[in-house]
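Given next are the chains, with one letter for each unit.
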Amino acid sequence: MKSRRFEPRRPLRNEIYSLMAVLVVPFAIGLVFPYESFNYTPATTDDPAASSCAFVYLTADEENSALTASRTAWKVNIDGTRGLHADLSVSELPEDDARDVMDVSERRTFPPAAPVRLPYTPLPPTLAAGKAERLAPEPTTDDGVAFPRSELLKID
């Protein structure tokens, strides 16, 4: 008996093509993936900057000089800005008294919610059709046809 060598049904070349087609996707993902993310170091935070705004307490003289400076800043050119002016005639703002807007006793109280009762029933007690009535047969016409020729030829 002659010994036969094992021969695959598909050549090895076809298997390599299939393997390459399958490995293209992971290889493409590996090329696109950022490798810097593996050695991630968070950015150092700087000390917070000092705020650029703050509450300022002015004396009466400093407040008057600031109002005077703002009034003169608006009146640069009388011809070009005749109707434009700032009315800063109020030198001091009135003090707002801290008080209640409405007393608790003035509140309107609503009754507790209750189920709504309708004066009528929204649906009839049954939706079934009424009892069937027996229809009487229509009288037959003279020639036994439902629409006789004489009736069809009437114009009126």
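Because the structure is predicted, anything quoted here is derived from the model rather than measured.

Below, the discussion takes up the overall build of the protein chain. Each helix and strand counted, the protein chain has three helices and zero strands in total. In the protein chain, the succession of α and β elements from N to C terminus is α-α-α. Residues counted as buried form 1% of the 156 residues belonging to the protein chain. Summed over its atoms, the accessible surface of the protein chain is roughly 17,300 Å², and 60% of this surface lies on carbon and sulfur atoms.

There is a patch of nonpolar side chains on the surface, built from Leu 12, Ile 16, Tyr 17 and Met 20 and spanning about 450 Å² of accessible area. Summarising the element assignment, Tyr 17 is placed in helix H1 (residues 12–32).

Taking 1.5 Å per residue, 21 residues should reach 30 Å; H1 reaches 30 Å between its end C-alpha atoms and fits that length. If you look at H1, its biggest bend is around 35 degrees, right at Val 24, and the proline Pro 26 turns up within four residues after that. Along H1, only zero of the 21 residues are buried, which leaves the element largely exposed.

In low-pLDDT regions, the fine details of the predicted coordinates are not to be read closely. Summarising the model, the protein chain shows a mean pLDDT of 77, and 78% of its residues fall at 70 or more. Taking the mean pLDDT of every element in the protein chain, the minimum, 79, falls on helix H3 (residues 149–152) and the maximum, 89, on H1.

Cut-off values and rules
Residues numbered from 1 in each chain as written. Predicted model: local features only at pLDDT ≥ 70, side-chain atom pairs only at ≥ 80, totals over all residues. Heavy atoms only, no water. Helix = DSSP H or I, 4+ residues; strand = E, 2+ residues; numbered from the N terminus. Buried < 20%, exposed > 50% of the residue type's maximum accessible area, 1.4 Å probe, protein only. Areas by Shrake-Rupley, 256 points an atom, 1.4 Å probe, with all protein chains shown as cover. Patch = residues over 30% accessible without salt bridge, like charges linked within 9 Å, V, L, I, M, F, W, Y side chains within 5 Å. Salt bridge = Lys/Arg side-chain N within 4 Å of Asp/Glu carboxyl O. Expected span 1.5 Å × (residues − 1). Bend = angle between axes of the 7 residues up to and from the residue. pLDDT = per-residue confidence, 0-100.

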